[in-house]
Amino acid sequence: QVQVVESGGGLVQAGGSLRLSCAASGRTFTSYIMGWFRQAPGKERECVAAMSWIGGITTYTDYADSVKGRFTISRDNAKRTVYLQMNSLKPEDTAIYYCAAGPGLYRDTCTNQERYGYWGQGTQVTVSS
């Protein structure tokens, strides 16, 4: 079993920044896929940014078009932790942000949510005008 815990959400003004953290614990895998998803009221859950890797050999990364150039996903290999640096935040970024994780190496990291078997409980991000 794998546990996934997000942190770092909060209330910020438009143009501000937040850094979200996602820590995975429990069972380990040879390769991983981990990603950030968000869901706003009345809207479907969507992929924001994700990455898949095997050690330090291969890493695949993808972003939603709406956040490219503003958000950056990164990881700490030693701690099985993934971060989402969010800059130039906009009111439309307001949502509950979820971290998800799963085993395996995938090139297209943001296309299929069923690849993620473990989900966190979410952290609220609110961006005011």
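See the structure above.
Small disclaimer: the values here were computed from a predicted structure and weren't measured. Position labels on residues start from 1 in each chain and follow its written sequence. This being a predicted model, a pLDDT of at least 70 is required before a residue's local features are given, and a value of 80 or more before pairs of side-chain atoms are given or counted; all residues contribute to the totals for chains, interfaces and linings. In computing side-chain properties, one takes all heavy atoms of the structure into account and sets aside hydrogens as well as water.

**Comments concerning the state of the cysteines**
Disulfide assignment relies on a single distance test, namely cysteine sulfur atoms paired within 2.5 Å. Enumeration according to the criterion identifies two disulfides in this entry. The disulfide partner of Cys22 is Cys99, and the gap between their sulfur atoms is 1.8 Å. Of note, the bridge from Cys22 to Cys99 carries an S-S torsion of about -80 degrees and is left-handed in sense. Remark: Cys99 occurs in strand 9 (residues 95-103) and Cys22 occurs in strand 3 (residues 18-26); sequence separation between them is 77 residues. Take the cysteines of the chain that form disulfides and number them in order along the sequence; they join up as 1-3, 2-4. Only DSSP runs of H or I covering at least 4 residues are called helices, and only runs of E covering at least 2 are called strands; the numbering of each starts at the N terminus.

**Comments concerning the pairing of strand 6 (residues 58-63)**
Should DSSP find at least two bridges between two strands, the strands are taken to pair. Sheet analysis places strand 5 (residues 46-54) next to strand 6, joined by six bridges and oriented antiparallel. Bridge assignment links Ser52 to a residue of strand 6, and that residue is Tyr60. From the end of strand 5 to the start of strand 6, which pair antiparallel, there are three residues, and Gly55 there has a positive phi angle of about 55 degrees.

**Structural notes on the sheet that holds strand 8 (residues 81-86)**
With respect to topology, four strands assemble into an open sheet ordered 1-3-8-7, the strand pairing being antiparallel. The open sheet is flanked by strand 1 (2-7) and strand 7 (71-76), the only strands paired with a single partner. In this sheet, adjacent strand axes meet at a mean angle of 15 degrees when their direction is disregarded. Relative to strand 8, strand 7 runs antiparallel, the two sharing six bridges. Bridging across to strand 8, Thr72 finds its partner in Gln85. The axes used here are C-alpha line fits, helices contributing only the stretch in contact, and every angle between their N-to-C directions lies in the interval 0 to 180 degrees.

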